[in-house]
There are 2 protein chains.
Amino acid sequence: MSMAEYKGKVRNIQDTPFGYTMSVIGGKWKMVIIYLLAENQPIRFNDLKRQIGAITFKMLSSQLKELEADGLVKRKEYPQVPPKVEYSLTDKAETLLPVLEKLCEWGVKNQNN
Amino acid sequence: MSMAEYKGKVRNIQDTPFGYTMSVIGGKWKMVIIYLLAENQPIRFNDLKRQIGAITFKMLSSQLKELEADGLVKRKEYPQVPPKVEYSLTDKAETLLPVLEKLCEWGVKNQNN
DNA sequence: CAGTATCCCAGTTGATACTG
DNA sequence: CAGTATCAACTGGGATACTG
C-alpha cells in the first residue's frame with residue numbers, strides 16, 4: 001500500500017504492508033540480531049548471545065523463532081553431542097538490509113536536530 | 001552507524017541511529033499518523049481521529065505530543081472559541097517519507113511469501 | 001551446548017468520565 | 001472543539017531454575 005492509498009482507509013496498522021514490515025523487524029532485538037547475523041553468519045546460539053550481550057536466553061530464543069517463522073533466519077542443526085546449531089540470514093532477509101540502512105542513515109542525519 | 005560498525009559493539013539498540021529512528025516512528029500509531037498527515041495536512045484533531053478510527057483520544061493526544069517533541073509534527077493553535085488546532089508535518093518529517101515508502105514496498109513484496 | 005518452563009513485574013494501551 | 005484524569009486490562013520482557 002502506498003501512502004496515497006492510506007487516505008481514509010486505515011483502521012488497523014497491522015493490516016498494512018508497513019504493519020507487516022514492523023511485525024517482522026519491530027521486535028526489541030530483531031534488528032540487532034539481523035545486523036549481527038549479517039556480519040557474522042553463520043553463528044552459533046551462544047556466540048550470538050555473547051555478541052548482543054544484554055539479551056536473555058529467553059528473548060534470543062523467542063526472537064530467533066519468530067524470525068525463522070517469518071522466513072528471515074535459517075536454522076541449521078547438527079545432530080551431534082554436544083548440540084550445535086548455526087543461524088544465518090535467508091535471501092528474504094538480505095533484501096531487507098538496504099531498507100535498514102535507510103533507517104540508520106535517517107537516524108544519523110536527524111539524531112541531533 | 002552503518003551495519004559494519006555494529007560488529008561486536010551493540011549492547012543497547014537504543015544507543016544507535018536505528019534506535020533513534022525507531023524511538024521516533026516506532027510507536028503503535030505514529031506511522032499511521034504521519035501517513036495521514038502527509039495526505040491531509042493541515043488537519044484538525046477530531047478529523048484526524050476520525051481518519052484513524054480505532055485510536056482513542058488519549059493515544060492520539062500522547063502520540064501527537066511525542067511527534068511534536070521529536071520535531072516531526074507542527075501544532076498550530078487558533079485562539080478562538082470553540083478551540084481550533086491544526087496539525088501538519090515538519091520538513092524533518094517530510095524527509096522521512098521516502099524511508100517509510102521503502103518499508104511499505106518491502107512489505108508489499110514480502111507479505112505473501 | 002542449546003535451549004524450556006515458570007513466575008512476575010513494569011510499562012503500555014484501553015475505557016470511561018470529565019473540563020476549559 | 002480539543003483535549004485531560006483516572007482506573008483497569010493487557011502484554012512484553014526479565015530472573016531463575018531446569019532439561020535433552
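Before reading on, note that the structure itself is shown above.
Everything numeric in this text was worked out from a predicted model, so none of it was measured.

Rules used in this analysis
- Residues numbered from 1 in each chain as written.
- Chains lettered and ligands numbered in written order.
- Predicted model: local features only at pLDDT ≥ 70, side-chain atom pairs only at ≥ 80, totals over all residues.
- Heavy atoms only, no water.
- Helix = DSSP H or I, 4+ residues; strand = E, 2+ residues; numbered from the N terminus.
- Buried < 20%, exposed > 50% of the residue type's maximum accessible area, 1.4 Å probe, protein only.
- Contact = heavy atoms within 4.5 Å.
- Near = heavy atom within 4 Å.
- Polar contact = N/O pair within 3.5 Å; in protein donor to acceptor, adjacent residues only side chain to side chain.
- Nonpolar A, V, L, I, M, F, W, Y, C, P; charged D, E, K, R; others polar.
- Axes fitted to C-alpha atoms, helices over the stretch in contact; angles between N-to-C directions.
- Parallel < 35°, antiparallel > 145°, perpendicular 65-115°, else oblique.
- Left-handed = near helix turned anticlockwise from the far one by under 90°.

All names here are of chain A. On the secondary structure map, threonine 90 appears in the loop between β3 (84-89) and α5 (91-94). We classify threonine 90 as buried; its relative accessible area is 12%. Excluding residues that lie within four positions of it along the chain, threonine 90 makes contacts with Gly71, Leu72, Val73 and Lys74.

In the region of DNA strand C, 18 residues are neighbours, and Arg44(A), Lys65(A), Arg75(A), Tyr87(A) and Lys58(B) sit closest. Considering the 4 Å shell around the protein, atoms of DNA strand C inside it are sugar or phosphate in 71% of instances. Between DNA strand C and Asn46(A), the relevant distance is 3.4 Å, taken from a phosphate oxygen to a main-chain nitrogen or oxygen of the residue. Residue Ser61(A) places a side-chain N or O atom 2.7 Å away from a phosphate oxygen belonging to DNA strand C. Where the surface near DNA strand C is concerned, the elements lending two or more residues are α3 (45-52), α4 (57-69) and β3 of chain A together with α4 (57-69) of chain B. For the surface near DNA strand C, the class distribution of residues is 8 nonpolar, 3 polar and 7 charged.

Attention shifts here to the packing of helix α1 (residues 17-25) of chain A against helix α5 (residues 91-110) of chain B. Any two packed helices are characterised by the angle at which their axes cross and by the distance between the axes. The N-to-C vectors of α1(A) and α5(B) enclose an angle of 90°; their axes lie 7 Å apart at closest approach. With respect to each other, α1(A) and α5(B) are oriented roughly perpendicular. Together, Pro17(A), Phe18(A), Tyr20(A), Thr21(A), Met22(A), Val24(A) and Ile25(A) of α1(A) and Leu103(B), Cys104(B), Trp106(B), Gly107(B), Val108(B) and Asn110(B) of α5(B) make up the contact between the two elements. Broken down by class, the residue content of the contact of α1(A) with α5(B) amounts to 10 nonpolar, 3 polar and no charged.

All names here are of chain B. By the secondary structure assignment, glutamine 63 is in helix α4. Sequence separation between glutamine 63 and asparagine 46 is 17 residues, and the spatial gap between their C-alpha atoms is 14 Å. Here glutamine 63 is in contact with Gly27, Lys28, Trp29, Lys30 and Ile33, once residues within four sequence places are set aside.

Time to look at the protein's contact with DNA strand D. For DNA strand D, the set of nearby residues contains 19 residues, the closest of which are Lys58(A), Ser61(B), Lys65(B), Arg75(B) and Tyr87(B). Close to the protein, within 4 Å, the atoms of DNA strand D are drawn from sugar and phosphate at a rate of 66%. Side-chain polar atom of Lys65(B) to a phosphate oxygen of DNA strand D: 2.4 Å apart, as the coordinates give it. In this structure, Arg75(B) approaches DNA strand D through a side-chain N or O atom, which is 2.7 Å from a phosphate oxygen. Those elements giving two or more residues to the surface near DNA strand D turn out to be α4 of chain A together with α3 (45-52), α4 and β3 (84-89) of chain B. Looking at the surface near DNA strand D element by element, the count peaks at 4 residues for α4(B). Each residue belonging to the surface near DNA strand D can be placed in one class, and the counts come to 9 nonpolar, 3 polar and 7 charged.

Before going further, it helps to spend a moment on the packing of α3(B) against α4(B). All names here are of chain B. Between α3 and α4, whose axes approach to 11 Å, the crossing angle comes to 115°. Classified by the angle between their axes, α3 and α4 sit roughly perpendicular to one another. Here the hand of the crossing between α3 and α4 comes out right-handed. Contacts between α3 and α4 involve Phe45, Asn46, Leu48, Lys49 and Ile52 from the first element and Phe57, Leu60, Ser61 and Leu64 from the second. Residues belonging to the contact of α3 with α4 are distributed by class as follows: 6 nonpolar, 2 polar and 1 charged.

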